[in-house]
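Coordinate analysis (summary)
For reference, the chains in residue letters:
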2 protein chains.
Amino acid sequence: MSPQKPPRQLHLGAFLQATGHHVAGWRHPGAQADAGRNLAHYIALAQRAEAAGFDALFLADGVAIRGMDDATLPRTARAATFEPLTLLSALAAVTQRIGLVATVSTTYNEPFHVARKFASLDHLSGGRAGWNVVTSWSDAEARNFSLERHPAHADRYARAEEFVDVVTGLWDTWEDDAFLYDKDSGRHFDADKLHTLDHRGAHFQVRGPLNVARPPQGHPVIVQAGSSEAGQELAARTAEVIFTAQQSLADAQAFYRGLKARLARHGRTPDQLKILPGVFPVVGRSEAEAQEKFEALQNLIHPSVGLALLSQHLGGIDLSGYPLDGPLPDNLVEPNGAKSRFQLVTGLARREGLTIRQLCLRVATARGHWSIHGTPQSVADQLQAWFEGEAADGFNVMPPWLPGGLDDFIELVLPELRRRGLFRERYTGTTLREHLGLRRPENLRWQQLEPSLAVGA
Amino acid sequence: MSPQKPPRQLHLGAFLQATGHHVAGWRHPGAQADAGRNLAHYIALAQRAEAAGFDALFLADGVAIRGMDDATLPRTARAATFEPLTLLSALAAVTQRIGLVATVSTTYNEPFHVARKFASLDHLSGGRAGWNVVTSWSDAEARNFSLERHPAHADRYARAEEFVDVVTGLWDTWEDDAFLYDKDSGRHFDADKLHTLDHRGAHFQVRGPLNVARPPQGHPVIVQAGSSEAGQELAARTAEVIFTAQQSLADAQAFYRGLKARLARHGRTPDQLKILPGVFPVVGRSEAEAQEKFEALQNLIHPSVGLALLSQHLGGIDLSGYPLDGPLPDNLVEPNGAKSRFQLVTGLARREGLTIRQLCLRVATARGHWSIHGTPQSVADQLQAWFEGEAADGFNVMPPWLPGGLDDFIELVLPELRRRGLFRERYTGTTLREHLGLRRPENLRWQQLEPSLAVGA
């Protein structure tokens with residue numbers, strides 16, 4: 001009897017944006033409005049997502065209060081929340097299996113700190129850490145780091161390429177079996193298994209070694225969200241999970257096939273990169289209930305917030321001079337940051353012939369991500385169509401409000417997906433790599449080299 | 001009846017250096033040799049220290065593998081451990097009352113990240129965070145951050161002064177009562193209570209605001225360890241706790257009185273700064289047992305490790321050409337980093353007429369900190385003499401090995417201190433500030449200003 005290949009199953013992330021992904025979700029009667037500083041709220045969410053078998057929690061991030069003006073920002077719950085690495089470290093102590101993915105920018109950090117903190121999180125969690133690599137998108141961030149302007153797209157990606165190489169290199173400075181813990185001989189580790197990195201590049205000179213042991217996963221999982229040309233190239237070379245915003249099956253398929261096709265150029269196979277589009281689900285026991293839930297959320301959006309969000313998605317363009325019930329102007333200039341989001345939003349407006357008012361609501365709802373509402377069966381149908389149609393390896397589930405939006409997905413949609421054999425009944429592995437079906441990177445870097453410990457004062 | 005002032009009591013920190021503070025402590029039969037990547041070990045320690053009523057856990061840090069050469073480093077357990085902020089965040093989730101103090105360097109960080117992470121930890125822990133401000137001391141650190149050499153002492157302290165001001169300023173960008181959470185009106189926070197910082201200094205330009213709400217403690221507690229002139233001035237202006245290395249009652253008294261006297265110049269009172277010398281205790285039920293425990297530890301020190309540690313404490317000076325049984329040479333040059341440690345070690349050698357070999361053992365034992373061994377009564381006598389003799393407001397307890405060295409202090413010494421009324425029976429407050437008797441900083445910065453929310457894209 002030959003061993004059977006296990007059936008391909010969905011990978012699911014739980015995207016935990018404090019009060020939920022819908023811009024007015026915090027106003028829902030059941031929403032935890034103080035989520036941004038309420039650890040008990042996050043512990044409950046993490047433990048529910050883990051009991052439900054999600055691959056990972058995902059936390060977005062920015063290093064500034066971004067977007068919006070003083071009239072609209074106070075109407076959102078996005079201005080002040082926990083910092084992701086500290087929050088995920090806390091959650092590591094009260095969960096056992098679920099993956100923990102934090103967003104960290106390569107533009108406003110140093111690779112030594114990032115390598116070290118993710119290695120530490122990977123040890124704290126027994127191999128459950130993931131790093132969502134972003135290059136940031138706002139001048140507001142630049143101004144918190146002694147710069148006037150956000151660096152140009154090409155510069156950010158050149159830095160990001162080198163940054164990722166330094167981080168993965170630092171993770172490999174200790175060999176897996178370096179530690180001896182030999183009390184009798186007094187040798188704590190084997191000096192031949194510790195290496196300097198001696199990186200000297202255009203952006204960074206980093207000697208190493210890292211002062212944290214090699215992570216349990218070898219490397220924490222590398223996640224990326226950029227969908228621009230440079231973003232896709234970086235992803236094809238280095239990423240293991242893609243979190244992407246796609247609005248239609250056709251677009252998602254084109255993105256999926258294009259990115260998977262890029263992998264071979266980097267000596268990689270399609271199964272080494274999992275593509276997870278974001279999905280914003282509103283689920284009801286009937287279509288009418290789902291529609292009602294959706295409209296109740298939409299009615300909570302203050303008009304000024306919708307326009308501000310749309311402006312932000314277009315790179316800060318001022319739309320106040322255009323009629324709300326007219327079309328998006330044709331002559332918008334593509335912004336320096338977040339190119340792919342600009343293209344997605346303008347494409348949506350053109351394809352569906354939306355007015356500015358309609359586009360505001362669409363953006364405010366799911367912020368560019370795929371929005372679906374319906375019964376558990378119809379939601380499962382749509383997810384299955386993308387999953388089986390070469391558009392997705394799974395989804396990053398973005399509940400409209402929290403905690404109830406996550407509960408709805410767990411209680412209503414997951415049983416239906418399981419009935420169809422599309423989602424795990426329980427975890428079979430213990431690390432995030434095992435959940436995702438990703439292999440653990442060997443420490444190849446030093447195999448061909450002489451050991452060379454040389455640690456300076 | 002007038003309210004009585006409560007008796008002055010000791011403040012105690014638990015200094016948790018992975019396997020313990022003694023350089024060979026990891027070789028003790030009961031030591032947790034893999035402590036640097038064992039979260040369960042730290043959870044047990046934190047929970048024991050909390051059950052015992054310690055004010056705080058202290059974690060040291062460096063952003064490189066520092067000191068030592070390839071022959072001696074593998075004989076220590078110091079090369080690879082958890083990163084402190086991620087570790088303390090994990091411990092925040094499994095403790096309720098104990099303070100959580102992490103060391104973070106101002107030389108190799110950006111103030112926005114540091115302000116944000118400590119604010120986040122303070123929220124995660126319900127007001128238990130503290131920041132031990134250091135300026136680092138090694139070229140090894142510089143080389144992990146694209147520099148060849150560690151910056152000069154004066155430059156580091158000038159940067160540190162400005163860094164601390166930016167961090168505390170960012171903590172104040174949100175007023176305490178900014179958040180409304182008003183679902184009906186749709187106002188999440190009051191725009192009049194969010195402020196930009198607009199810092200423009202010699203080292204940093206930071207606009208703010210911080211994207212984390214004002215910390216529960218107002219400001220996480222500021223701790224410092226530098227004892228140089230510049231370090232003491234920074235401390236007198238900004239620090240609330242001093243962690244210092246002192247070898248004798250007379251030295252400790254001089255330091256204590258000198259530093260407390262500096263406070264008035266900055267408009268501060270003596271009770272606003274708590275001075276906690278490090279103490280390295282070896283406790284036995286009898287003097288003989290304590291001596292035996294101490295000698296057993298000393299016998300575990302490999303000769304090369306002692307010499308390397310001494311060399312490191314003197315700023316990397318090579319002592320291999322001098323006879324081990326002769327005196328320390330007179331013509332040593334004071335190093336760029338860690339000036340106060342250099343002075344402490346050379347002073348100790350001169351005062352006690354120690355040979356290099358004897359000095360090696362003294363440094364290897366407690367690394368410049370006050371080493372005491374004896375019965376619970378004699379240890380308590382010594383601590384009490386410093387506490388009541390204007391030499392200390394409490395101590396940072398540095399167990400020789402872990403977990404047993406901490407257990408010894410808790411089980412043997414604390415009951416004796418309590419019998420004397422010198423240490424709390426239980427916590428009376430919930431925040432680190434309350435444990436330390438420090439007042440919560442008001443948000444004075446904005447009282448005289450017009451509100452001015454102006455958040456850019």
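In what follows, the structure referred to is the one given above.
To start, this report covers the structure provided alongside it. (Residues numbered from 1 in each chain as written. Chains lettered and ligands numbered in written order. Predicted model: local features only at pLDDT ≥ 70, side-chain atom pairs only at ≥ 80, totals over all residues. Heavy atoms only, no water.)

1. Some remarks on the environment of His-373 of chain A
All names here are of chain A. Mapped onto the elements, His-373 comes out in strand E12 (residues 370–374). Under the relative-accessibility criterion, His-373 is labelled partly exposed at 27%. Separated by 15 residues in sequence, His-373 and Gln-358 place their C-alpha atoms 17 Å apart. For His-373, the side chain forms a polar contact with the side chain of Gln-291, separated by 3.1 Å. (Helix = DSSP H or I, 4+ residues; strand = E, 2+ residues; numbered from the N terminus. Buried < 20%, exposed > 50% of the residue type's maximum accessible area, 1.4 Å probe, protein only. Polar contact = N/O pair within 3.5 Å; in protein donor to acceptor, adjacent residues only side chain to side chain.)

2. A short note on the packing of aromatic side chains
All names here are of chain A. Applying the stated criterion across every chain, the model contains 32 aromatic pairs over all chains. Ring geometry for Phe-163 against Phe-204: centres 5.6 Å apart, planes inclined by 85°, an arrangement best described as edge-to-face. With Phe-163 in helix H5 (residues 153–171) and Phe-204 in the loop between strand E7 (199–200) and strand E8 (205–206), this residue pair connects regions lying 41 residues apart in the sequence. The exposure class assigned to Phe-163 is buried, which follows from its relative accessible area of 0%. Ring-pair connections join several aromatic residues into one group, and the members of that group are Phe-118, Trp-131, Phe-163 and Phe-204. Its end group placed over the ring of Trp-137, Arg-341 keeps NZ or CZ at 4.9 Å from the ring centre. (Phe/Tyr/Trp six-rings, centres within 6.5 Å; stacked < 30°, edge-to-face > 60°. Lys NZ or Arg CZ within 6 Å of the ring centre and 35° of its normal.)

3. A look at the interface of chain B and chain A
Taken residue by residue, the interface counts 84 residues in chain B and 84 residues in chain A. When chain B packs against chain A, close to 7,300 Å² is buried across both sides, 58% of that on carbon and sulfur atoms. Across the pair Asp-61 of chain A and Arg-116 of chain B runs a salt bridge whose closest N-O atoms are separated by 2.4 Å. Applying the counting criterion to the chain B and chain A interface returns 44 residue pairs in polar contact (both at pLDDT 80 or more). Within the residue set of the side of chain B that touches chain A, elements represented by two or more residues are helix H2 (84–92), helix H3 (111–124), helix H4 (139–142), strand E5 (179–182), strand E6 (187–189) and strand E8 (205–206) of chain B. In terms of residue count, H3 of chain B provides more of the side of chain B that touches chain A than any other element does, seven residues in total. (Contact = heavy atoms within 4.5 Å. Buried area = accessible area lost by both parts, 1.4 Å probe. Salt bridge = Lys/Arg side-chain N within 4 Å of Asp/Glu carboxyl O.)

4. Brief notes about the relation of the copies chain B and chain A
Laying chain B over chain A is done by rotating through 180° and shifting 0.0 Å along the axis; what remains is an RMSD of 0.0 Å. The operation mapping one copy onto its partner corresponds to a two-fold rotation axis. When each C-alpha of chain B is compared by its distance to the rotation axis, Ala-90 of chain B comes out closest, at 1.9 Å. The overlap is high: 100% of the interface residues of chain B also sit at the interface in chain A, so the same surface is used on both sides. (Least-squares fit on C-alpha atoms with pLDDT ≥ 70 in both.)

5. Topic: the pairing of strand E9 (residues 221–224) of chain B
Residues and elements named next belong to chain B. Of the two faces of E9, the one lined by Val-221 and Val-223 and the one lined by Ile-222 and Gln-224 are each fully buried. Here two bridges tie E9 to strand E10 (residues 241–244), and the two strands are oriented parallel to one another. Bridged to Val-223 within E10 is Val-241. Taken together, E9, helix H6 (residues 229–238) and E10 constitute a β-α-β crossover, and its handedness is right-handed. (Pairing = 2+ DSSP bridges. Right-handed = clockwise from strand over helix to strand, strands pointing away.)

6. Description of the side chain of Thr-106 of chain B
Structurally, Thr-106 of chain B is set in the loop between strand E3 (99–105) and H3. Among all residues touching Thr-106 of chain B, those that are not within four sequence positions of it are Trp-131, Val-133, Val-134, Thr-135, Arg-159, Ala-160 and Phe-163 of chain B.

7. Things to note about helix H7 (residues 249–262) of chain B
With 14 residues, H7 of chain B extends 20 Å between its outermost C-alpha atoms, agreeing within 8% with the 20 Å of an ideal straight helix rising 1.5 Å per residue. When H7 of chain B is considered as a whole, its buried residues turn out to be Ala-252, Gln-253, Phe-255, Tyr-256, Leu-259, Lys-260 and Arg-262 of chain B. (Expected span 1.5 Å × (residues − 1).)

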